[in-house]
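As a plain string of letters, each chain reads:
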Amino acid sequence: MAEQLTVVLTKAGRTRIRYPAARVADDGDRISVRAPWAAEGVRDFGFVRFEPGDVFVEHFWRTRWYAIKEVWTGDGVLKGWYCDVTRPVHVQNGEILVEDLDLDLWVSADGSSVLRLDEDEFAASGLAASDPEAAAQAVRALDALDDQARSPSGLAALLPPGDAPPRAGACS
């Protein structure tokens with residue numbers, strides 16, 4: 001059985017969500033986990049719906065300013081990739097500590113849709129004034145993810161090779 005961890009997502013110093021996840025891999029820099037959709041009910045963004053039964057294979061880095069979440073249906077169909085711009089994560093005491101910096105990127109499964117999200121929230125966050133270096137790192141991370149998503153190799157080039165689609169119930 002995979003080691004169980006808790007992902008703790010904070011934003012502006014407040015915990016937004018905590019959810020259980022099963023460790024898939026940890027190479028010392030990138031830690032990957034598998035988790036079921038953790039929020040209540042359906043969240044319809046217009047370009048994708050996250051819903052009960054969905055499975056997220058989430059990749060966090062200790063040295064990079066982003067996380068990449070593969071979004072799968074419960075029966076193993078890839079919906080796409082949701083990327084969060086974050087500070088590098090810390091893993092301690094069974095928790096993955098993630099600080100969300102507001103910027104996000106969505107990439108559809110076929111790569112035809114690449115959407116930059118929440119740039120208005122980022123501008124309003126005040127991070128550029130309170131921590132200019134972190135703000136600059138965040139913008140560079142979003143630009144790098146956007147460029148990679150639009151490249152021929154796509155976001156898959158940043159992820160471990162041979163990831164199999166999750167099976168329904170594989171998160172428990």
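The preceding data block contains the structure.
Throughout what follows, the structure given in this document is the object of discussion. Here the structure is a predicted model, which means the values were calculated and not measured.

As for the overall build of the chain
The helix and strand tally for the chain stands at 3 helices and 11 strands. For the chain, the α and β elements follow one another from N to C terminus as β-β-β-β-β-β-β-β-β-β-β-α-α-α. Relative to a compact globule of 172 residues, whose C-alpha radius of gyration would be 16 Å, the chain shows 15 Å and is just as compact. Along the longest, intermediate and shortest principal axes, the C-alpha atoms of the chain span 45 × 40 × 30 Å.

Observations concerning the pattern of salt bridges
Enumeration over the complete set of coordinates arrives at 19 salt bridges. Three or more residues joined by partner-sharing salt bridges are found here, namely Asp44, Arg49, Glu51, Asp54 and Lys79.

Quick word on the pairing of strand β7 (residues 66–72)
The element β7 is largely enclosed, with a buried count of 7 among its 7 residues. Along β7, one buried face is formed by Tyr66, Ile68, Glu70 and Trp72 and the opposite face, lined by Ala67, Lys69 and Val71, is buried too. Across 6 bridges, the pairing between strand β6 (residues 55–61) and β7 is antiparallel. Each residue of the ladder has a partner; that of valine 57, found in β7, is glutamate 70. What sits between β6 and β7 in their antiparallel hairpin is a turn of 4 residues. As judged from the 7 bridges shared by β7 and strand β8 (residues 78–86), these two strands associate in the antiparallel manner. Its bridge partner being in β8, glutamate 70 is matched across the sheet by tryptophan 81. In this antiparallel pair of consecutive strands, β7 and β8, the connection spans 5 residues, and glycine 76 shows a positive phi of 90°.

Quick notes on the packing of aromatic side chains
Counted under the stated rule, the structure contains 11 aromatic pairs. With a centroid separation of 6.1 Å and 35° between ring planes, the pair formed by phenylalanine 45 and tyrosine 82 is classed as tilted. Taken together, the positions of phenylalanine 45 in the loop between β4 (43–44) and β5 (49–50) and tyrosine 82 in strand β8 put the pair 37 residues apart, joining distant regions of the chain. The buried category is assigned to tyrosine 82, whose relative accessible area is 10%. On the numbers, 5.9 Å between centres and 40° between planes, the contact of phenylalanine 47 with tryptophan 106 is tilted. Of this pair, phenylalanine 47 sits in the loop between β4 and β5 while tryptophan 106 sits in strand β10 (residues 95–108), and the two are 59 residues apart along the sequence. On the basis of relative accessibility, which here comes to 30%, the residue phenylalanine 47 falls in the partly exposed class.

Description of the pairing of strand β3 (residues 30–36)
As a general feature of sheets, a regular strand has side chains that alternate between the two faces. Burial analysis of β3 places 6 of its 7 residues in the buried class, the great majority of the element. With 4 bridges connecting them, strand β2 (residues 14–26) and β3 associate as antiparallel partners. The residue of β3 that forms the bridge with arginine 23 is valine 33. Between β2 and β3, which pair antiparallel and follow one another directly, the connecting turn spans 3 residues, one of which, glycine 28, has a positive phi of 100°. Sheet topology note: the β3/β6 ladder contains 7 bridges and is antiparallel. By the bridge assignment for β6, valine 33 is matched with glutamate 58.

Reading the values: the criteria
Residues numbered from 1 in each chain as written. Predicted model: local features only at pLDDT ≥ 70, side-chain atom pairs only at ≥ 80, totals over all residues. Heavy atoms only, no water. Helix = DSSP H or I, 4+ residues; strand = E, 2+ residues; numbered from the N terminus. Rg over C-alpha atoms; globule rule 2.2 N^0.38 Å. Salt bridge = Lys/Arg side-chain N within 4 Å of Asp/Glu carboxyl O. Buried < 20%, exposed > 50% of the residue type's maximum accessible area, 1.4 Å probe, protein only. Pairing = 2+ DSSP bridges. Phe/Tyr/Trp six-rings, centres within 6.5 Å; stacked < 30°, edge-to-face > 60°.

Nothing here speaks to function; it is geometry throughout.
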